[in-house]
Amino acid sequence: MTSSLEDRTIRPQHPRQASLSQLAEQFACDLFDATPGAFVTGVTIDSRDVRPGDLYVGIPGARHHGAKFADAAARAGAAAMLTDAAGRELAAAAGVTGLPILVIDRHPREILGELSARVYGTHELGAKVFGITGTNGKTSVVYCIAQLLEAAGIRPGLSSTAERRIGQEVIVSNLTSPESSELHGLLARMVERGVEGIAIEVSAQAIGRHRIDGVHFDVVAFNNFSQDHLEEYGDMETYFQAKAALFAPEHAARGVVVVDGPHGQRLAKESAIPVTTLATEYGRSADWHLAVTHQSLDGVSFVLQGPEGAHFRGRVPVFGRFMAENAALALIMLHEAGISLEQVAAGLDNGLIPVHIPGRLEEITEGGDGPRFFVDYGHTPGSFEAMLDALGEVADGDIIFMFGADGDRDTTKRAEMGRIAAAGADTVIVCDYHPRTEPPEQIRAQLLEGARSAKHATLHEEPDPRAAIRRALSLAKPGDVILYAGPGHEDYQEINGAQIPYSARDEVRGALREAGLLA
């Protein structure tokens, strides 16, 4: 069930009251124009999202100070505003009267998470909370956790790049990690709906921008690390430190780390919280070991072994060794939270983890003898390499790989994306993804330059992704695999500041029907 528009702001349906005077005391704010006993029932940083009783938080931004919209917030029913001294002056200059104002002497975002936790009562959750960070695969781990919780008889909730989910209620996502005020509203709604286990995808930006403040995870995990977001972090060390910051006592009690690579090994040694380790490479020293026993385009089977005889034999209906790793990581996280492997296994059919991950290696075809078409959200060199390596192990025919790259983002990864694509596929089709404000032909040229350096695949340039899909199908033979990387679950293309409706999954379905390959 997908939520209504009203529910997209993700609030508890029965909010509690939080005293303004107590909030002012707890967060060292000066309180102005408040009547005795004044209270708030929600928190938002968006004046368009204000509901009666809300505390509107006016945050200084790159273009505008949020306090500029204090009058609109008051007219929408805000019970009070929290801001800095500059924000109070803006509100006064705009003639805003009768609105209680809390003024803090630091950036309001620094307390937004803890403040929201107090307002929504989420500083002490009755549910177990799991967080996953890493460059690729976070969404898949979150869905595996939710599926395993359900198997263990524990009502799950999740927050991912693809969507927020409360039991069977689905709310489409816009950010990997929502703003902290939205996150705590979500957590409060989850607890209100009887959720007992919560899985949250945690980006590096979420940690550094205080989006997870006020949440204390029972278990966090780190799965892998490769180049991404260097337009923001500048270098790999800064990017790594942004993710490693999750492994601190203020954020989590325990951690799980995949130690196949040097960054995982380093994090396991430097973590400020107790960690257990997972290795998928033969001979690697770790607490837990994963072995893949069988794989095909229809999924992967594995055995997981851990301390004190812990053992699990399972299957995931998505191809790739990395999917076995995602499932194993989720199993270990539950184990670390006190949910036994036996409890999980009892709720599964012969070890099958029936996970469906929107836009992650999602097959649009329905098996059979014809070409098989998959759509995935991966748009980093690391994700390309993992997917193409996996396909190389299970594809009977040729691999046709189509992709583009983000505009206005890390340009240094484009040549490597092209090289990896052409090294791992038989045919490469470069198309547009989100050009944003960049000339799309410039992006494609950088990708193609990298692809040519591999001196392997046949290359095609087809700017329109709709035409690229049909080109891919025209080139495919029975037994071939087409993988469209980048758009995944998204339903738009961003071009010159506008979001143009476009669903890769829907477009592929339409092209397959045109070709007589889908009913």
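Okay, so let's go over this structure. Throughout this document, residue positions are counted from 1 along each chain, in the order its sequence is written. Per-residue local features of the predicted model are confined to residues with pLDDT of at least 70, and side-chain atom pairs are confined, for both listing and counting, to 80 or more; whole-chain, interface and lining totals are unaffected and use all residues. The basis for the side-chain values is all heavy atoms of the structure; hydrogens and waters are excluded.

Moving on, we get to the overall build of the chain. Numbering of helices and strands starts at the N terminus; helices are DSSP runs of H or I of at least 4 residues and strands are runs of E of at least 2. From N to C terminus, the chain includes 17 helices and 26 strands. For 519 residues, the compact-globule estimate of 2.2 N^0.38 gives 24 Å, and the C-alpha radius of gyration of the chain, at 24 Å, lies within 12% of that figure. Expressed as lengths along the three principal axes of its C-alpha atoms, the size of the chain is roughly 75 × 55 × 45 Å. Counting the 519 residues in the chain, one finds 56% classified as buried. Residues are treated as being in contact if the distance between any of their heavy atoms lies within 4.5 Å. Counting only contacts in the chain whose residues sit at least 6 apart along the sequence, the fraction spanning at least 24 positions is 67%. For the chain, the distance from the average position of its 46 positive side-chain charges to the average position of its 70 negative side-chain charges is 2 Å. All radius of gyration figures rest on C-alpha atoms, and the globule criterion is 2.2 Å times the number of residues raised to 0.38. Each residue's exposure class comes from its accessible area (1.4 Å probe, protein chains only) as a fraction of the maximum for that residue type: buried when under 20%, exposed when over 50%, partly exposed otherwise. Charged residues are defined narrowly, with Lys and Arg counted positive, Asp and Glu counted negative, and His plus the chain ends left uncounted. Throughout, a charge is located at the NZ atom of Lys, the CZ atom of Arg, the CG atom of Asp or the CD atom of Glu.

Another aspect to go through is the pairing of strand β22 (residues 427-430). Taking every second residue as pointing to the same face, both faces of β22 are buried, with T427 and I429 on one and V428 and V430 on the other. Across four bridges, the pairing between strand β21 (residues 399-403) and β22 is parallel. Within β22, the position partnered with F403 by the bridge is V430. Call a crossover right-handed when, viewed with both strands pointing away from you, the route from the first strand across the helix to the second goes clockwise. Once the chain exits β21 it traverses helix α14 (residues 414-424) before rejoining the sheet at β22, and the crossover so formed is right-handed. At least two bridges found by DSSP between two strands are what make those strands a pair. Bridge analysis of β22 against strand β23 (residues 458-461) gives four bridges, and the strand direction is parallel. Considered in β23, the bridge of V430 is made with E461. In terms of handedness, the path from β22 via helix α15 (residues 440-454) over to β23 forms a crossover that is right-handed.

One open sheet holds the five strands; their spatial order is β2-β7-β6-β5-β4, and the pairing between them is mixed. One side of each edge strand has no neighbouring strand; the edge strands of this open sheet are β2 (30-32) and β4 (42-44). Put simply, the sheet's adjacent strands are angled 20 degrees from each other on average, direction ignored. Two strands pair when backbone bridges link them, and β4 and strand β5 (residues 54-57) are joined in this way by three bridges, in the parallel orientation. Residue G42 lies in a different strand from β5, and its bridge partner there is D54. To get an axis, a line is fitted to the C-alpha atoms, and for a helix only the part in contact is used. The angle between two axes follows their N-to-C directions and goes from 0 to 180 degrees.

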